[in-house]
Amino acid sequence: MNWKEAPTIKKVTCTNTEAEKFLVSNVLTVGKEYEVKNETEEFLFIIDNTGNVGGFYKNYFE
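A few points on the structure.

Moving on: the overall build of the protein chain. The secondary structure content of the protein chain amounts to 0 helices and 4 strands. The order of helices and strands in the protein chain, counted from the N terminus, is β-β-β-β. For the protein chain, the C-alpha radius of gyration of 11 Å lies close to 11 Å, the compact-globule estimate for 62 residues. Taken along its principal axes, the extent of the C-alpha atoms in the protein chain is 30 × 25 × 20 Å. A total accessible area of about 4200 Å² is found for the protein chain, and carbon and sulfur atoms account for 48% of it.

See below:
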């Protein structure tokens with residue numbers, strides 16, 4: 001997978017880290033802007049706070 005080097009599709013801002021099942025507050029920061037590397041109907045694949053590409057539900061972003 002070479003998503004990390006892929007061109008950025010768009011940028012999104014994290015609006016919340018309120019997750020029912022998963023802990024996302026350790027890899028996302030509210031108010032921070034992230035580069036979207038890939039997108040599906042349900043998920044955004046971004047470079048998170050760890051510097052790696054991670055898939056997150058769209059409801060965390062605006």
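The strand order across the open sheet formed by 4 strands is β1-β2-β3-β4, and the pairing between neighbours is antiparallel. Looking at the sheet topology across the chains shown, the edges are occupied by β1 (10-13) and β4 (53-57). Ignoring which end each strand starts from, the neighbouring axes of this sheet average 45° apart. Summarising the sheet, β1 and strand β2 (residues 33-39) pair through 4 bridges and their orientation is antiparallel. Within the sheet, the bridge partner assigned to Val12 lies in β2 and is Tyr34.

Moving on: the nonpolar core. By size, the foremost hydrophobic cluster in this structure holds 12 residues: Val12, Cys14, Val24, Val27, Leu28, Tyr34, Val36, Leu44, Ile46, Phe56, Tyr60 and Phe61. Mapped onto this core, the elements with two or more residues apiece are β2 and β3 (43-47). Beyond its immediate sequence surroundings of up to four residues, Phe56 is in contact with Val24, Val27, Leu28, Glu42, Phe43, Leu44, Ile46, Asp48 and Phe61.

All right, on to the packing of aromatic side chains then. By the definition in use, this model includes 3 aromatic pairs. A ring pair is formed by Phe43 and Phe45, whose centres lie 6.4 Å apart and whose planes are at 45°; its orientation type is tilted. A residue is classified by how much of its surface remains accessible, and Phe43, at 26% relative accessible area, is partly exposed. Under the relative-accessibility criterion, Phe45 is labelled buried at 18%. Both rings, one in Phe43 and one in Tyr57, keep their centres 4.8 Å apart while their planes meet at 25°; by these two values the pair is stacked.

How each quantity is defined
Residues numbered from 1 in each chain as written. Predicted model: local features only at pLDDT ≥ 70, side-chain atom pairs only at ≥ 80, totals over all residues. Heavy atoms only, no water. Helix = DSSP H or I, 4+ residues; strand = E, 2+ residues; numbered from the N terminus. Rg over C-alpha atoms; globule rule 2.2 N^0.38 Å. Areas by Shrake-Rupley, 256 points an atom, 1.4 Å probe, with all protein chains shown as cover. Pairing = 2+ DSSP bridges. Axes fitted to C-alpha atoms, helices over the stretch in contact; angles between N-to-C directions. Core = buried A, V, L, I, M, F, W, Y, C linked by side-chain atoms within 4.5 Å. Buried < 20%, exposed > 50% of the residue type's maximum accessible area, 1.4 Å probe, protein only. Contact = heavy atoms within 4.5 Å. Phe/Tyr/Trp six-rings, centres within 6.5 Å; stacked < 30°, edge-to-face > 60°.

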